[in-house]
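This is what each chain is made of:
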Amino acid sequence: MQELTFETILRLPQMELKKRLKAELKSRGYPVTDKPGYLYAEGTIPVLLVAHMDTVHRQPVEQICYSADRAVAMSPQGIGGDDRCGVWMILQILRTANCHVLFCEDEEVGCVGAKKFTRGPLRPQVNYIVELDRRGSNDAVFYRCDNPEFEEYITSKGFETEWGSFSDISLLAPALGVAAVNLSSGYYNAHTQHEYIDRKHLNATVKKVVEIVADTAKPDFPQYEY
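The present account deals with the structure reproduced in this document. As the structure is a computational prediction, the values presented were derived from the model and not from experiment. Once a new chain begins, its residue numbering starts again from 1 and follows that chain's sequence as written. With the structure being a predicted model, the display of local features is reserved for residues of pLDDT at least 70 and the display and counting of side-chain atom pairs for 80 or more, all residues being used for whole-chain, interface and lining totals. Excluded from the side-chain calculation are hydrogens and water; included are all heavy atoms of the structure.

1. Things to note about the environment of Tyr-38
- Along the chain, Tyr-38 falls in strand E2 (residues 38–41).
- The class for Tyr-38 is buried, based on a relative accessible area of 4%.
- Contact between two residues is taken to exist if any of their heavy atoms lie within 4.5 Å; hydrogens are not considered. Not counting residues within four places of it along the chain, the set of residues in contact with Tyr-38 comprises Lys-18, Thr-33, Leu-102, Phe-103, Cys-104, Glu-105, Gly-113, Lys-116, Phe-117 and Leu-122. Helical segments are the DSSP runs of H or I of at least four residues, strand segments are the runs of E of at least two, and each set is numbered from the N terminus. The buried label goes to any residue with under 20% of its type's maximum accessible area, the exposed label to any with over 50%, and the partly exposed label to all in between, with areas taken from a 1.4 Å probe on protein chains only.

2. As for helix H3 (residues 81–93)
- Every helix has an expected span of 1.5 Å times one less than the residues it contains. Relative to the 18 Å expected for 13 residues at 1.5 Å per residue, H3 spans 17 Å between its end C-alpha atoms, a close match to the ideal helical length.
- A large share of H3 lies buried, amounting to 13 of its 13 residues.

3. Focus on the sheet that holds strand E7 (residues 128–134)
- At least two DSSP bridges between two strands are required for those strands to pair. Reading across the sheet, the eight strands line up as E1-E2-E6-E3-E7-E10-E8-E9 and stay open at both edges, with mixed pairing between neighbours. At either margin of the open sheet sits one strand with a lone partner, and together these are strand E1 (32–35) and strand E9 (160–162). Taking each pair of neighbouring strands and ignoring which way they run, the sheet shows an average axis angle of 25°.
- Pairing between strand E8 (residues 139–141) and strand E10 (residues 179–184): two bridges, direction antiparallel. If you follow Val-141 over to E10, its bridge partner there is Asn-182.
- An axis is simply a line fitted to the C-alpha atoms; with a helix, the fit covers only the stretch in contact. Between two such axes, the angle follows the N-to-C directions and lies from 0 to 180 degrees. Against the sheet, helix H7 (residues 199–213) makes contact with strand E3 (45–52), strand E6 (99–104), E7 and E10, and its axis sits at roughly 180° relative to E7, the strand it touches most.

4. Quick notes on the pairing of E2
- Here E2 shows no split at all, with Tyr-38 and Tyr-40 on one side and Leu-39 and Ala-41 on the other all buried.
- Bridging between E1 and E2 involves four bridges; their strand directions are antiparallel. Across the sheet, residue Asp-34 finds its bridge partner in E2, namely Leu-39.
- Hairpin connection of E1 to E2: two residues between the antiparallel strands, including Gly-37 at a positive phi of 105°.
- Two strands pair when backbone bridges link them, and E2 and E6 are joined in this way by four bridges, in the antiparallel orientation. Along E6, the bridge assignment pairs Leu-39 with Phe-103.

5. Considerations on the sheet that holds strand E4 (residues 65–66)
- Within the open sheet, the four strands sit side by side as E4-E5-E12-E11. Their pairing is antiparallel. Edge positions in the sheet fall to E4 and strand E11 (187–188), since each has one partner strand and no second.
- When strand E5 (residues 72–74) meets strand E12 (residues 196–198), the two strands line up antiparallel, connected through two bridges. Residue Val-72 lies in a different strand from E12, and its bridge partner there is Asp-198.
- H7 contacts E4, E11 and E12 of the sheet and is inclined by roughly 55° relative to E12.

6. Examining the packing of H3 against H7
- As a packed pair, H3 and H7 sit with axes 10 Å apart at the nearest point and diverge in direction by 45°. Taken together, the axis directions place H3 and H7 in an arrangement best described as oblique. When the axes of H3 and H7 are compared, the crossing they make is right-handed. Along its contact with H3, which presents Cys-85, Trp-88, Met-89, Gln-92 and Ile-93, the element H7 presents Leu-202, Asn-203, Thr-205, Val-206, Val-209 and Val-210.
- Nonpolar residues are Ala, Val, Leu, Ile, Met, Phe, Trp, Tyr, Cys and Pro. Charged residues are Asp, Glu, Lys and Arg, and all others, Gly as well, are polar. Here the contact of H3 with H7 is built from residues that sort into eight nonpolar, three polar and no charged. Every angle not falling under 35 degrees, over 145, or within 65 to 115 is termed oblique; those three ranges are roughly parallel, roughly antiparallel and roughly perpendicular. By definition, any crossing whose near helix is turned counterclockwise from its far helix by less than a right angle is left-handed, and any crossing with a clockwise turn is right-handed.

Right, here's the structure in full:
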């Protein structure tokens, strides 16, 4: 199977990406549930990682331009870092942490995949959700998750609380009754042709999330009522 590289993830149409992610997860030994709207893989670490597979850009990425140090990536077609960054980051995190995974379809047109997941029978037994679908380098967005202990824990890892309107975890977290956060994924100028990805910021969040999910000293966050 051809390696699912950073550039491949950026270039693939949503449904082709879903097929490739399913094959990738199976090759890593994950049991995979493939349903209309989402792709779910059951892990052993009680954390659910979430990203969405669609972008707002109508054209597939053809040309990828890099800065001289290759740290920053852009495309004339729109790079689609929102949220292909999150997809790539999850695959990196899974190299060392066997978390539960949920890849959603069509977040950009109303969190369609997340809605379908919440209406289905799957209820992963997890302590909290980490979504990787936020612009910038160190934002943490909690939406309606009014869980001070969880927020304090996440911000102690180098993130700062910011405001956001809505994303997949706005539906997923209440359905599962757990705390949730959306973390920066290194993209900027989302929803425009001038969107770009700072890979240094992306990789910094990957490192932090790996440390968070491996932290055996973290507090025991209780089931949360929204």
